[in-house]
Amino acid sequence: MLKTLLKFGFTVAVAMVVGILIGHFGIQKDSPETLPDWLADVSKDVDESLIEKFIAEVNNINIQENLRELTKVPHMATTAGDEKTVQFMLNRWKDPESGLDDAWREEYKVYLSFPDQNQPNKVTVVSATDAVLYTTREKEEEYLPDQSDPEVVQPYAAYGPPGHPKGKLVYANQGKPSDYEHLNKTMDLRGTVAIVRYGGAGRAAKAINAAPFGVVGVLVYTDPGDINDGKMFDTNETYPHSWYLPPSGVERGSFNTDYGDLLTPYLAAKEDTYRIPKENIKGIPPIPIQPIGFEDASALICELGGEASPPEWRGAFHCPYNLGGPGFLSTSTFSNSDVKLDIYNKEELRNSANVMGVIRGSVEPDRYVIYGNHRDSWVHGAIDPSSGTSVMLEISRVLGKMVKEGKWRPRRSIIFGSWGAEEFGLIGSAEYTEEYYSKLIQRTVAYINVDISVFANATLRASGSPSAQSVIFTATKQVQTPGSDSTSVYDNWIRYFNRTSPTYGVIPNVGYLTGAGSDYAAFIHFLGITSMDIAYTYDRSKTKARIYPAYHTAYDTFDYSSKYIDPGFTSHQTVARTAGNVLLRLADSLLLPFNCRDYAESLEGYLSVAQTNFKDELVAHSISMEPLNKAVAKFRTAADHLTNLIKGLDLSKVTPLEIRKINDQLMLLDRAFLDPMAFPDKYAFRHVIWASKSSGLSTFPGLADAVERARQTGLPEDWSQAHRHLSILSQAIAGAASTIEEVI
């Protein structure tokens, strides 16, 4: 009886409220001046004139000075230099004239790895009597005061274990499993030390792959053929005379496979959080490993005995890159000598801070557009990451000033994140997504990542979720390329990176976020938030460099950036204008500027590759691709329908709830591709379309890896895994299609 009365009372109350609202607005409908103020705000769309003002306000000199300040001292995570950048960010974001609504720091206690300052790591060549015949450099050559700063950390492999292995040297190319297998055919690798070059396999993988063959230690270096277009001499070819890496330059890095704090998987690393035992950490080197410069690598590799390496294994050194006997040539001064590694790395729990700032939304404050970049560097970090931080500070200054002056407030909330300890494995952003998982997965519209904002000054480079392609294109058509009043970023971009779209014809190529290369990883792979990464880069027809040559070295300084990367900082300015344009459109557009039809095109492209490469073998094992074909076709139908519905809307007649419904469909689309059980061996990779993969094919990652493994083994259980991934994929795509169909 009570339940009946309550139901009746609730129904009457709802009817009364609805009646009052209808009566009130019905009476007032012919008097628009008496409509409530919030009604105009709710229906307001993005202001194109405001975007033009934003573009005009972004100042390249401000960006230059931001970078000068950020790079005054080395600021490796959790050091005194890092704390200075924390305070700098807080002061800027709390500025009374151009700051944000609020700014604060978020602390995490994280597991990091450092060299021992009292016992520097050392690599030597020792004779049979342990006499030292050769010692590699402890520090890089000092050309300017930047390199002589006492806070410049010695090159080391973070998370590489301590130890003192000694053995005959072998050359193992890039440290891939196939490289060690090739060597193992002709020599016994047990007890050897391998020297490998960067590229081809992840940093940690170079040692992880070596250990099963009995290799006891690994040296890793950057070959001038991979980074310097063959340039090797600092007398006139490399820095300080050009952008190329000098002979003593060493790429530091985090040698771990998984991202986030290694002791607190899937939990935010707070003071009292449960931590797994250190011995249970996966994906770190099981044997000592140390990076060295190419001048030292050349001195070792060019003295090796044994057979000459395959041509494709060779770099720029003027020698045959012999594989090793194992060991050195009998005619070498190093004959019958060993290479010894003395590694003293140690792990510590340290406090690391994210710096957060917010501009609160006026209409939908519970919808977040997040813009982020990490703050920590290996040394001075002018390019990585401070080029991105200097851009973020200029964007936040312009927007903060508009807010403080009462000229603008975004429709949705904008959150800025300056992530800590990224260089150790994307830790700050990962811990943030773990701590605020529930809120972020329900409320976040998009994540914009601008890490290295300028690799070089030729053209834009962008990667992201397919549905974000359209808003990136809109922004780039509105921003002019540096030094031109007539060529847009879009028109310049299409000259360097393009593809042929079945829908649009020739367009700029927007890459996919398939790995964990920067802080977008936790947002796209773990939370399923539509994400993008934006930067300016170099003309690949003019250099074969895999990345800018001073990457992670003591030469990544303000001097290097201002002379060789972006003199005048106009490319930084262009990235700020472009990324800020995207940010404003995501924050202010009445309807979110996402296009699910572009997602359908990407799925169809992946399907075509899968059919060409896998269909016959799958059918031979009684596995049909028809469920996947149907799922992709279903998604295409749903995407076309929603896109046509949006195009046909008269926004002046659409209710706020209808807008919210469509926006939620667009916002949550990437979430629909999450499957927490799809990749049990890949930490925090849950997105079945964009997860990392071993296969080189541009297609669905789980299916591609499963089929390639089944091909290698021929085992029925591995073909069953291929069938499993096909089912996971088909159901995820069909499920995603249902989220953009008509709401039931």
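Residues numbered from 1 in each chain as written. Predicted model: local features only at pLDDT ≥ 70, side-chain atom pairs only at ≥ 80, totals over all residues. Heavy atoms only, no water.

**What about the state of the cysteines?**
Defined as follows: Only a pair of cysteine sulfur atoms within 2.5 Å counts as a disulfide in this structure description. Secondary structure elements are defined from DSSP: runs of H or I of at least 4 residues count as helices, runs of E of at least 2 residues count as strands, and each element is numbered from the N terminus. Burial here depends on accessible area, computed with a 1.4 Å probe over protein chains only, as a share of the maximum for the residue type. Under 20% is buried, over 50% is exposed, and the range in between is partly exposed.
In total, this model carries 1 disulfide according to the counting rule given. Across a sulfur-sulfur distance of 2.2 Å, Cys302 and Cys319 are joined as a disulfide pair. The sign of the S-S torsion, about -70°, decides the handedness of the disulfide formed by Cys302 and Cys319: left-handed. You can see Cys302 sitting in the loop between helix H10 (294-301) and strand S11 (338-342) and its partner Cys319 sitting in the loop between H10 and S11, a full 17 residues away along the chain. For Cys302, a relative accessible area of 25% puts it in the partly exposed group. In this structure Cys319 comes out as buried when scored by relative accessible area, which is 16%.

**Considerations on the confidence of the model for the protein**
For the record, the criterion: Residue-level confidence of the predictor, termed pLDDT, takes values from 0 up to 100. The contact criterion used throughout is that any non-hydrogen atoms of two residues lie within 4.5 Å.
On average, residues of the protein score 94 in pLDDT, and 95% of them reach the 70 mark or higher. Low pLDDT, under 50, characterises residues 1-30; the stretch is placed with 6 contacts to residues that sit more than four places away or in other chains.

**Notes on helix H4 (residues 60-70)**
What counts is decided by this rule: By definition, the arc is the one covered by directions from the helix axis to the C-beta atoms. N or O atoms within 3.5 Å of each other form a polar contact, as long as, within protein, one can give a hydrogen and the other can take it, and as long as residues adjacent in sequence are counted only when both atoms are side-chain atoms.
Taken as a whole, H4 has its buried residues at Asn60, Ile63, Gln64, Asn66, Leu67 and Leu70. Taken around the axis of H4, the buried residues stretch over an arc of 160°, which confines them to a single face. In the core, the buried residues of H4 are packed alongside helix H5 (80-93), helix H11 (386-404), helix H17 (558-565) and helix H18 (570-588). Here H4 starts with a cap whose side-chain oxygen sits 2.7 Å from the backbone nitrogen of Ile61, and that cap is Asn59.

**Here's the deal with the environment of Gly163**
Here Gly163 lies in the loop between strand S4 (157-158) and strand S5 (166-167). Gly163 sits 180 residues away from Ile343 along the chain, and the two C-alpha atoms are 5.3 Å apart.

**Considering the side chain of Ser127**
Looking at the element boundaries, Ser127 is found in the loop between strand S2 (122-126) and strand S3 (132-135). For Ser127, the contacting residues outside a window of four places in its chain are Leu133 and Ser337.

**Here's the deal with the sheet that holds S3**
The following threshold applies: Strands qualify as paired when DSSP identifies two bridges or more between them.
Taken in spatial order, the 4 strands make up an open sheet running S3-S2-S11-S5, and their pairing is antiparallel. The open sheet has two free edges, formed respectively by S3 and S5, since each of these has just one partner strand. Alignment of S2 against S11, held across 5 bridges, turns out to be antiparallel. Bridge pairing in S11 links Val123 to Leu341.

**What to know about the packing of aromatic side chains**
When we look at a pair of aromatic rings, we describe it by the centre distance and by the angle of the planes. Under the convention used in this document: Each Phe, Tyr or Trp ring (for Trp, its six-membered ring) is paired with any other whose centre lies within 6.5 Å, and the angle between the two planes then decides the class: stacked below 30 degrees, edge-to-face above 60, tilted in between. Only lysine NZ and arginine CZ atoms are considered, and such an atom sits over a ring when it is within 6 Å of the ring centre and within 35 degrees of the ring normal.
Counted according to the given criterion, the structure contains 44 aromatic pairs. Look at Phe114 and Phe424: their rings are 5.7 Å apart centre to centre, the planes differ by 55°, and that puts the pair in the tilted class. A residue pair is termed long-range when its members are at least 10 positions apart, and Phe114 in strand S1 (residues 102-114) and Phe424 in the loop between strand S14 (412-419) and helix H12 (427-435) qualify at 310 residues. When its relative accessible area of 0% is taken as the criterion, Phe424 is described as buried. Centre to centre, the rings of Phe473 and Tyr490 are 5.3 Å apart; their planes meet at 85°, and the pair counts as edge-to-face. Of the two residues, Phe473 sits in helix H14 (residues 469-478) while Tyr490 sits in helix H15 (residues 489-496), which places them 17 residues apart along the sequence. For the residue pair Phe473 and Tyr490, the accessibility class agrees, reading buried in each case. Three or more aromatic residues joined by ring pairs make a cluster, and in this case those are Tyr512, Tyr599, Tyr606, Phe635, Phe673, Trp690 and Phe700. Over the ring of Tyr108 we find Lys270, and its NZ or CZ is 4.4 Å from the ring centre.

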